[in-house]
Amino acid sequence: MKNNQRPVIRSTTVIGVIRDGKAALGSDGQMTLGNTVIKHSTRKIRRLYHGKLVAGFAGATADAVTLLDRFEEKLETYSGKLDRAAVELARDWRTDKYLRRLEAMLAIVSNDKALIISGTGDVIEPEDGIVAIGSGSMYALAAARSLMKHSSLSAKDIVLESLKIAADICIYTNDHIVIEEV
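Now for a look at the structure at hand. (Residues numbered from 1 in each chain as written. Predicted model: local features only at pLDDT ≥ 70, side-chain atom pairs only at ≥ 80, totals over all residues. Heavy atoms only, no water.)

1. With respect to the overall build of the chain
Check the secondary structure of the chain and you find 4 helices and 12 strands. Its C-alpha atoms put the chain at 50 × 40 × 25 Å along the principal axes. Sequence-distant contacts, at least 24 apart, represent 61% of the contacts inside the chain between residues at least 6 apart. A total of about 9,300 Å² of accessible surface is found on the chain, and carbon and sulfur atoms cover 48% of it. Taking the average place of the 25 positive charges on the side chains of the chain and the average place of its 23 negative ones, the gap between the two points comes to 4 Å. (Helix = DSSP H or I, 4+ residues; strand = E, 2+ residues; numbered from the N terminus. Contact = heavy atoms within 4.5 Å. Areas by Shrake-Rupley, 256 points an atom, 1.4 Å probe, with all protein chains shown as cover. Lys, Arg positive; Asp, Glu negative; His and termini not counted. Charge placed at Lys NZ, Arg CZ, Asp CG, Glu CD.)

Shown next, in the form of structure tokens:
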């Protein structure tokens with residue numbers, strides 16, 4: 001690492017699944033700075049808009065909390081309309097000089113919709129109802145897709161098993177798992 005570079009924060013795996021009218025979103029708790037684990041039990045998900053949505057973040061914690069707060073404001077402004085709030089946040093993210101510097105991503109689920117809001121201000125709605133962000137996201141995503149196809153597990157159980165698999169593979173993901181269901 002050069003003197004003018006900050007250590008890279010790699011901090012999480014967040015996975016969300018919608019199945020049978022229920023949604024679950026979960027994350028691990030590990031936060032690392034460079035090659036050091038600095039916390040094992042960071043809470044990276046929270047309920048929003050009267051408990052009807054669950055959002056999780058990956059990236060720099062302060063940046064992600066800022067985005068979550070802005071997203072929550074948008075939800076209130078647009079009466080809980082997830083799509084509209086997400087698009088408006090993404091628009092702000094692209095055009096606001098301060099927000100453009102934030103290094104984070106959001107994953108949001110409701111009982112009928114799953115979205116990712118990316119660090120470039122994109123709003124992505126996966127076709128399969130599975131959202132995954134963070135360092136171990138591709139491991140968790142692969143596990144969730146397989147479990148959706150080859151099991152009858154609930155959304156919450158798929159999230160749990162996917163996070164366990166990611167924790168076994170990704171060095172930036174641990175097994176201190178928190179899951180919220182809507």
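Further notes follow.
2. Digging into the packing of helix H3 (residues 137-150) against helix H4 (residues 155-169)
Across the interface, H3 lies against H4 with an axial gap of 8 Å and an inter-helix angle of 140°. Taken as axis vectors, H3 and H4 run oblique relative to one another. When the axes of H3 and H4 are compared, the crossing they make is right-handed. Mapping the contact onto sequence places Tyr-139, Ala-140, Ala-143, Ala-144, Leu-147 and Met-148 in H3 and Ile-158, Glu-161, Ser-162, Ile-165, Ala-166 and Ile-169 in H4. Looking at the contact of H3 with H4 residue by residue, the classes come out as 10 nonpolar, 1 polar and 1 charged. (Axes fitted to C-alpha atoms, helices over the stretch in contact; angles between N-to-C directions. Parallel < 35°, antiparallel > 145°, perpendicular 65-115°, else oblique. Left-handed = near helix turned anticlockwise from the far one by under 90°. Nonpolar A, V, L, I, M, F, W, Y, C, P; charged D, E, K, R; others polar.)

3. Here we look at the sheet that holds strand E3 (residues 22-27)
Strands in a sheet are paired, the pairing made by backbone hydrogen bonds, and the direction either parallel or antiparallel. Here we have 4 strands laid out as an open sheet, ordered E11-E2-E3-E12, and antiparallel in their pairing. Two strands bound the open sheet, and with one partner strand each, they are strand E11 (130-134) and strand E12 (178-181). Within this sheet the neighbouring strands show an average axis-to-axis angle of 10°, counted without direction. Where E3 and E12 come together, 4 bridges link them in antiparallel fashion. The residue of E12 that forms the bridge with Gly-26 is Ile-179. With respect to the sheet, H3 is in contact with strand E2 (13-19) and E11, its orientation differing from that of E2 by roughly 20°. Those strands touched by H4 are E2, E3 and E12, and its axis lies near 155° from that of E2. (Pairing = 2+ DSSP bridges.)

4. Some details on unusual backbone geometry
Positioned with a positive phi, Asp-20 is a non-glycine residue whose angle comes to about 55°. Following the sequence through the fold, Asp-20 ends up in the loop between E2 and E3. Although it is not a glycine, His-50 adopts a positive phi angle of roughly 60°. Mapped onto the fold, His-50 is located in the loop between strand E6 (45-48) and strand E7 (53-59). Relative accessible area serves as the criterion here: at 63%, His-50 is assigned to the exposed category. (Buried < 20%, exposed > 50% of the residue type's maximum accessible area, 1.4 Å probe, protein only.)

5. Some details on the nonpolar core
Among the nonpolar cores identified, the biggest contains 21 residues, and Phe-71, Leu-106, Ile-108 and Ile-117 are the most heavily contacted of them. Sorting the residues of this core by element identifies E7, helix H1 (61-77), helix H2 (82-95), strand E8 (104-109) and strand E9 (114-117) as the ones contributing at least two each. If we ignore the near neighbours within four places in the chain, the residues touching Ile-108 are Leu-53, Val-54, Ala-55, Phe-71, Leu-82, Lys-113, Ala-114, Leu-115 and Ile-117. In this structure, Ile-15, Val-17, Ile-130 and Met-148 belong to the second largest nonpolar core, which totals 15 residues. (Core = buried A, V, L, I, M, F, W, Y, C linked by side-chain atoms within 4.5 Å.)

6. Remarks on H4
With 15 residues, H4 should cover 21 Å at 1.5 Å per step; its first-to-last C-alpha distance of 21 Å lies within 8% of that length. Residues Ala-155, Ile-158, Val-159, Ser-162, Leu-163, Ala-166 and Ala-167 constitute the buried set of H4. End-on view of H4: buried residues confined to an arc of 165°, all on one side of the axis. If you follow the buried residues of H4, they end up packed against E2, E3, H3 and E12. (Expected span 1.5 Å × (residues − 1). Arc of directions from axis to C-beta.)

7. Remarks on the pattern of salt bridges
Opposite charge on two side chains lets them pair, provided their charged atoms get close. Going through the model one piece at a time under the given rule, you end up with 12 salt bridges. Between Lys-74 and Asp-92 there is a salt bridge; the shortest N-O distance is 2.7 Å. Of this pair, Lys-74 sits in helix H1 while Asp-92 sits in helix H2, and the two are 18 residues apart along the sequence. Its relative accessible area of 17% is what places Lys-74 among the buried residues. One salt bridge connects Glu-88 with Arg-84, and the closest N-O pair in it is separated by 3.2 Å. Taken together, the residues Glu-88 and Arg-84, both in helix H2 and 4 residues apart, mark about one turn of the helix. (Salt bridge = Lys/Arg side-chain N within 4 Å of Asp/Glu carboxyl O.)

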